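Geometric and topological summary
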Amino acid sequence: MSINYNKRFIYFICLVSAMGGLLFGYDWVVIGGAKPFYELFFGISQSPVMQGVAMSTALVGCLIGAMVAGALSDKYGRKPLLIVAACLFTISAIATGAFNDFIAFNIARFVGGIGIGVASALSPMYIAEVSPGETRGKLVSLNQMTIVLGILCAQLVNWLLAEPVPPAFTDTDILTSWNGQMGWRWMFWAETVPAASFLLLSFFIPESPRWQALHGMPQQAGHTLSKIGGNSYAQSELNNIQQAAILEDKEEKAGLHVLFSKKYAQLLILGIIIAVFQQWCGTNVIFNYAQEIFSAAGYQVGDVLFNIVITGIANVIFTIVAIYTVDRWGRRSLMLFGAGGLGIIYLILGTCYYLHITGFFMVILVVSAIACYAMSLGPVTWVLLSEIFPNRVRGVAMATCTFALWAGCCTLTFTFPSLNANLGSSGTFWIYSFICICGFLYFMKKCPETKGKSLEELGKELIKD
């Protein structure tokens with residue numbers, strides 16, 4: 001039976017939810033462009049430990065946000081938590097740029113990190129729960145699209161706001177310049193506009209119909225599903241949701257003890273490995289440590305910001321490619337492509353660093369890595385995590401896997417400076433290459449194909465009693 005979906009309504013609620021991804025991308029990357037300036041302002045430019053603290057504070061907040069998102073969203077719903085995330089982003093954007101004290105600066109970053117953790121867990125899950133099965137991959141990939149747009153916006157804002165830094169400038173010159181006193185503040189304050197927009201628009205989206213159906217609100221769920229695909233679609237989806245709920249133990253509460261039970265063990269291990277691998281594949285250090293990576297390739301600070309923008313544009317372009325391929329090529333094929341492709345690129349990149357090759361060819365390799373990641377591991381990770389768990393445990397499972405993802409991000413971000421200092425750029429990227437090859441072999445054996453199936457169908461197929 002052909003279903004006439006209300007595409008305007010579907011795209012509206014999905015894009016509003018995906019604004020959490022936009023802010024996640026912006027807040028996560030903006031600090032990289034501000035880094036050369038706030039480090040001088042706070043007097044930490046010669047303290048690797050304090051530099052690591054500044055870069056990692058938001059990531060610790062991410063862990064907290066991801067950890068509480070599942071339980072709270074299962075209890076209170078997806079929509080209220082999205083509104084909370086929007087409030088945290090707005091507060092953090094204003095406060096981070098306003099403070100002159102390093103401790104207060106980090107507290108503001110921590111608050112924003114909680115927002116990132118909540119949004120990164122809930123936005124793809126919400127989109128998956130409102131999307132028709134045949135377009136779910138594309139729609140969940142919109143979340144990754146907004147993430148990379150947020151990254152690009154942060155890179156552009158940093159590049160446009162930062163006044164040119166002549167090579168002859170000393171640290172004292174930079175500190176007393178507009179960049180060192182005010183420029184880095186405006187990089188954070190610019191986030192207030194999308195954060196406030198997200199906060200306002202979040203009030204106009206419905207609650208997840210799957211959450212409503214599982215919490216004794218079938219009429220409200222049916223109303224939302226009817227707006228998505230009509231009355232017949234709503235009735236069919238409600239029947240599927242209710243039948244899936246009957247098959248699961250009604251006495252089970254969707255807590256961690258259920259998720260960590262033997263019934264869900266294989267799925268949980270798969271989800272955690274997918275989540276951690278998205279970070280440990282190494283691509284995200286390019287965004288957080290672009291200054292070090294491009295400097296090692298022979299570029300000056302002024303050129304680094306422009307090169308960062310190039311990586312951001314590539315990120316957006318190839319995420320668009322992913323949106324149009326994820327429901328055609330499938331999730332498994334793209335995960336294998338991403339892991340294998342990055343393994344090869346990093347092997348070449350590490351060899352070039354070892355041979356002291358510099359210049360534009362290195363930019364091409366870095367952009368190739370971003371492109372490979374953007375059309376595969378970046379978006380497909382979120383698609384798979386939002387699909388593989390059944391309705392009853394999806395909230396707590398998504399939160400657990402997102403917590404693991406941000407734990408992976410923390411370790412990646414924290415270890416890169418030490419790896420780079422002790423092994424050099426060549427050894428560091430060879431390690432990332434080895435991790436990617438291991439990921440390829442694991443996904444070859446364990447990663448399922450989920451395209452074109454309803455969430456309830458996947459729940460029946462993937463759960464091993």
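One structure accompanies this document, and this report is about it. Since the model is a prediction, treat every value here as computed from it, not as a measurement.

Concerning the overall build of the protein
- Helix and strand counts for the protein come out as 21 helices and zero strands.
- Taking 23 Å as the expected radius of gyration for a compact globule of 465 residues, we find that the protein reaches 22 Å, a close match to that expectation.
- Oriented by its inertia axes, the alpha-carbon framework of the protein measures out at about 70 × 45 × 40 Å.
- Counting only residues that meet the buried cut, the protein has 59% of its 465 residues in that class.

Quick notes on the pattern of salt bridges
- The full count for this structure, using the stated rule, is nine salt bridges.
- With a closest N to O distance of 2.8 Å, Arg210 and Glu237 form a salt bridge. Separated by 27 residues along the polypeptide, Arg210 in helix 9 (residues 209–214) and Glu237 in helix 11 (residues 231–247) bring together distant segments of the chain.
- Judged by relative accessible area, Glu237 falls into the buried class, the value being 10%.

Remarks on helix 3 (residues 78–98)
- Taking 1.5 Å per residue, 21 residues should reach 30 Å; helix 3 reaches 31 Å between its end C-alpha atoms and fits that length.
- Buried residues dominate helix 3, accounting for 15 of its 21 residues.

Quick look at the packing of helix 19 (residues 377–387) against helix 20 (residues 394–446)
- Here helix 19 crosses helix 20 at 150°, and the two axes come no closer than 9 Å. Residues Thr381, Trp382, Leu385 and Ser386 of helix 19 form the contact with helix 20, whose own contacting residues are Arg394, Met398, Cys401, Thr402 and Leu405.
- Along the lines of polarity and charge, the residues of the contact of helix 19 with helix 20 split into five nonpolar, three polar and one charged.

Describing unusual backbone geometry
- Located in the positive-phi region is His356, a residue other than glycine, with phi close to 60°.
- If you trace the backbone, His356 turns up in the loop between helix 17 (331–354) and helix 18 (360–374).
- On the basis of relative accessible area, His356 is assigned to the exposed category, the value being 69%.

A few points about the environment of Ala98
- Within the secondary structure layout, Ala98 lies in helix 3.
- The sequence separation of Ala98 and Phe188 amounts to 90 residues, and the corresponding C-alpha distance is 9.1 Å.
- Residues within four places of Ala98 in sequence aside, it is in contact with Arg185 and Trp189.

Remarks on a nonpolar patch on the surface
- On the surface, a nonpolar cluster with roughly 990 Å² of combined accessible area is contributed by Ile344, Leu347, Ile348, Tyr354, Leu355, Ile357, Phe360, Phe361, Ile364 and Trp430.
- Residue assignment for the nonpolar patch shows that the elements contributing at least two residues are helix 17 and helix 18.
- Counting residues per element, the nonpolar patch draws most heavily on helix 17, which supplies four residues.
- Tracing the chain through its elements places Ile348 in helix 17.
- When its relative accessible area of 39% is taken as the criterion, Ile348 is described as partly exposed.

With respect to the nonpolar core
- One finds Trp28, Tyr38, Trp184, Leu342 and Trp406 to be the most contacted residues of the largest nonpolar core, which totals 137 residues.
- Per-element tally for this core: the top contributor is helix 1 (residues 7–41), with 19 residues.
- Trp184 has contacts with Ala34, Phe37, Tyr38, Phe41, Phe42, Thr96, Phe99, Phe105 and Asn179, leaving out every residue within four places of it along the chain.

Notes on the environment of Ala322
- Within the secondary structure layout, Ala322 lies in helix 16 (residues 301–325).
- Setting aside anything within four residues of it in sequence, one finds Ala322 in contact with Ala374, Met375 and Pro379.

So, the packing of helix 3 against helix 4 (residues 102–130)
- It is the contact of helix 3 with helix 4, at a shortest axis distance of 8 Å, that shows an interaxial angle of 150°. Compared by their axis directions, helix 3 and helix 4 come out roughly antiparallel. When you trace helix 3 past helix 4, the crossing you get is left-handed.
- When the residues that make up the contact of helix 3 with helix 4 are grouped by side-chain class, the tally is 16 nonpolar, five polar and three charged.

Describing the packing of aromatic side chains
- Counting across every chain of the model gives 21 aromatic pairs.
- Relative to Tyr432, the ring of Phe429 has its centre 5.7 Å away and its plane inclined at 90°; by these criteria the two rings are edge-to-face. With Phe429 and Tyr432 both in helix 20, this residue pair falls three residues apart, about one helical turn. Residue Phe429 shares its accessibility class with Tyr432, and that shared class is buried.

Conventions and cut-offs
Residues numbered from 1 in each chain as written. Predicted model: local features only at pLDDT ≥ 70, side-chain atom pairs only at ≥ 80, totals over all residues. Heavy atoms only, no water. Helix = DSSP H or I, 4+ residues; strand = E, 2+ residues; numbered from the N terminus. Rg over C-alpha atoms; globule rule 2.2 N^0.38 Å. Buried < 20%, exposed > 50% of the residue type's maximum accessible area, 1.4 Å probe, protein only. Salt bridge = Lys/Arg side-chain N within 4 Å of Asp/Glu carboxyl O. Expected span 1.5 Å × (residues − 1). Axes fitted to C-alpha atoms, helices over the stretch in contact; angles between N-to-C directions. Contact = heavy atoms within 4.5 Å. Nonpolar A, V, L, I, M, F, W, Y, C, P; charged D, E, K, R; others polar. Patch = residues over 30% accessible without salt bridge, like charges linked within 9 Å, V, L, I, M, F, W, Y side chains within 5 Å. Areas by Shrake-Rupley, 256 points an atom, 1.4 Å probe, with all protein chains shown as cover. Core = buried A, V, L, I, M, F, W, Y, C linked by side-chain atoms within 4.5 Å. Parallel < 35°, antiparallel > 145°, perpendicular 65-115°, else oblique. Left-handed = near helix turned anticlockwise from the far one by under 90°. Phe/Tyr/Trp six-rings, centres within 6.5 Å; stacked < 30°, edge-to-face > 60°.

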